[in-house]
Amino acid sequence: GEDVEQSLFLSVREGDSSVINCTYTDSSSTYLYWYKQEPGAGLQLLTYIFSNMDMKQDQRLTVLLNKKDKHLSLRIADTQTGDSAIYFCAENNAGNMLTFGGGTRLMVKP
Amino acid sequence: EAGVAQSPRYKIIEKRQSVAFWCNPISGHATLYWYQQILGQGPKLLIQFQNNGVVDDSQLPKDRFSAERLKGVDSTLKIQPAKLEDSAVYLCASSLGGLGEAFFGQGTRLTVV
C-alpha cells in the first residue's frame, strides 16, 4: 500500500537548522520529492532524490534517505523567515503516480 | 517557459450546482494530473492522464466527477452535482512523463455553500 506520513508542525528560530521528517511505505518508489507550498500558492518542487542514493545536497537543503526504514528527511540550514511554509514529501511509484504526505507546517521565528 | 495555467482561481457555488475547472499544462508535457487538496491535508490524486488517455482514476468519485483531456493538451474537470465536502483547492500538474518532476498550477479554490 501507499501511505506517506509527516509530523504536522515544526517551529524553529531564524538561523537555526530545520529538519522535516517523512515516512513512506511503498518500497517500489523510485523518486522521492520535497515540495514547498506557501499560502495561496501551488506546490513548488524544492528537491528530489533517487531511491539508490542516500544523500543529496543542494545549497541550504540536504535530503537524507534511509531506504531500509523508508525514512526521508529534509534539512534546511540557516533557516530564514521566508522558509515559513508547508512542506510536503511525495513518493513516485512505478506508475508515475505522486502520493503526498499530509504536510509539515514550518514556522520560523525571528 | 510558461507554467501550468488554471482557471478560475476562485469559485463559490451552492450545493447541487455544477462547476468546471480548466487546466493548460506546460507545452510538451505528456502527463497531466488533477489533485484535490482539502484544507489542512496533502493533495490527493483524482486522475492522471498520459496524453489523452487515462492512466489512473481510481480515486475519482465517478458518480459526480468527470475529467477529459481532448487532443492531449488542455483538460477540464467537472463536478455535477457538487456537495459541501467538495470544498477544496483543485490543483492541476503536468510533467514530461516517465519519472520527471511535476509542475503545479496555482489551483482553483472551490467553496460549496
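Described in the following lines is the structure provided in the data block. (Residues numbered from 1 in each chain as written. Chains lettered and ligands numbered in written order. Predicted model: local features only at pLDDT ≥ 70, side-chain atom pairs only at ≥ 80, totals over all residues. Heavy atoms only, no water.)

1. Some remarks on the overall build of chain A
Thinking step 1. Across its full length, chain A carries zero helices and eleven strands.
Thinking step 2. Scanning chain A from its N terminus toward the C terminus, one meets helices and strands in the order β-β-β-β-β-β-β-β-β-β-β.
Thinking step 3. Here the C-alpha atoms of chain A give a radius of gyration of 13 Å, agreeing with the 13 Å that 2.2 N^0.38 yields for 110 residues.
Thinking step 4. Along the three orthogonal principal directions, the C-alpha set of chain A runs to about 40 × 30 × 20 Å.
Thinking step 5. Within chain A, the proportion of its 110 residues that are buried is 46%.
Thinking step 6. In chain A, of all internal contacts separated by at least 6 residues, the share reaching a separation of at least 24 is 55%.
Thinking step 7. When the accessible surface of chain A is totalled, it reaches about 5,300 Å², and 49% of it is carbon and sulfur.
Thinking step 8. The distance from the centre of the 10 positive side-chain charges to the centre of the 13 negative ones in chain A is 4 Å. (Helix = DSSP H or I, 4+ residues; strand = E, 2+ residues; numbered from the N terminus. Rg over C-alpha atoms; globule rule 2.2 N^0.38 Å. Buried < 20%, exposed > 50% of the residue type's maximum accessible area, 1.4 Å probe, protein only. Contact = heavy atoms within 4.5 Å. Areas by Shrake-Rupley, 256 points an atom, 1.4 Å probe, with all protein chains shown as cover. Lys, Arg positive; Asp, Glu negative; His and termini not counted. Charge placed at Lys NZ, Arg CZ, Asp CG, Glu CD.)

2. Quick notes on the overall build of chain B
Thinking step 1. What chain B contains, in helices and strands, is zero helices and eleven strands.
Thinking step 2. Counting from the amino terminus, chain B carries its helices and strands in the arrangement β-β-β-β-β-β-β-β-β-β-β.
Thinking step 3. For 113 residues, the compact-globule estimate of 2.2 N^0.38 gives 13 Å, and the C-alpha radius of gyration of chain B, at 13 Å, lies within 12% of that figure.
Thinking step 4. Projecting the C-alpha coordinates of chain B onto the three principal axes gives extents of approximately 40 × 25 × 25 Å.
Thinking step 5. Burial status across chain B gives 45% buried among its 113 residues.
Thinking step 6. Sequence separation of at least 24 residues holds for 52% of the intrachain contacts in chain B that already meet a minimum separation of 6.
Thinking step 7. Accessible surface for chain B amounts to roughly 5,600 Å². Of this, 51% is attributable to carbon and sulfur atoms.
Thinking step 8. Counting 12 positive and 10 negative side-chain charges, chain B places the centres of these two groups 6 Å from one another.

3. Some details on the sheet that holds strand β8 (residues 71-76) of chain A
Thinking step 1. In space, the five strands of this open sheet follow the order β1-β3-β8-β7-β6 (chain A), with antiparallel pairing throughout. Both outer strands of the open sheet, β1 (5-6) and β6 (55-58) of chain A, are each paired with one neighbouring strand and no more. (Pairing = 2+ DSSP bridges.)

4. Some details on the nonpolar core
Residues and elements named next belong to chain B.
Thinking step 1. By size, the foremost hydrophobic cluster in this structure holds 21 residues, and its most contacted members are F21, W34, L77, I79, Y90 and L110.
Thinking step 2. Broken down by secondary-structure element, the contributors of at least two residues to this core are β3 (19-24), β4 (31-37), β5 (44-50), β8 (75-79), β9 (88-95) and β11 (108-112).
Thinking step 3. When neighbours within four sequence positions are excluded, L110 is seen to be in contact with K11, I13, V19, F21, I79, D86, S87, A88 and Y90. (Core = buried A, V, L, I, M, F, W, Y, C linked by side-chain atoms within 4.5 Å.)

5. Observations concerning the pairing of β11 of chain B
Residues and elements named next belong to chain B.
Thinking step 1. Side chains of β11 alternate between two faces, with T108, L110 and V112 buried and R109 and T111 left unburied.
Thinking step 2. With four bridges joining them, strand β2 (residues 10-13) and β11 adopt parallel strand pairing. Opposite Y10, over in β11, you have R109 as the bridge partner.

6. What to know about the environment of T47 of chain A
Residue and element names in this part refer to chain A.
Thinking step 1. With respect to the element layout, T47 can be found in strand β5 (residues 43-50).
Thinking step 2. Overall, T47 belongs to the buried group, its relative accessible area being 3%.
Thinking step 3. As for T47 and L74, which are separated by 27 residues in sequence, their C-alpha atoms are 9.2 Å apart.
Thinking step 4. In this structure T47 touches L32, Y33, W34, K56, L61, V63 and L74, once residues within four positions along its chain are discounted.

7. A few points about the packing of aromatic side chains
Thinking step 1. Throughout the structure, instances matching the rule amount to 14 aromatic pairs over all chains.
Thinking step 2. For the pair Y33 of chain A and Y35 of chain A, a centre-to-centre distance of 6.1 Å together with 40° between the ring planes defines the contact as tilted.
Thinking step 3. Given a relative accessible area of 1%, Y33 of chain A falls into the buried group.
Thinking step 4. When the centroid spacing of 6.0 Å and the interplanar angle of 40° are considered together, the rings of Y33 of chain A and Y48 of chain A count as tilted. Of this pair, Y33 of chain A sits in strand β4 (residues 31-37) while Y48 of chain A sits in strand β5; the two residues are 15 residues apart in sequence, bridging distant segments of the chain.
Thinking step 5. Y48 of chain A sits in the partly exposed class, given a relative accessible area of 33%.
Thinking step 6. The structure contains a cluster of three or more aromatic residues connected by ring pairs, namely Y31, Y33, Y35, Y48, F50, F88 and F100 of chain A together with Y33, Y35 and F104 of chain B.
Thinking step 7. Above the plane of the ring of Y48 of chain A lies K56 of chain A, whose end atom (NZ or CZ) is 3.9 Å from the centre. (Phe/Tyr/Trp six-rings, centres within 6.5 Å; stacked < 30°, edge-to-face > 60°. Lys NZ or Arg CZ within 6 Å of the ring centre and 35° of its normal.)

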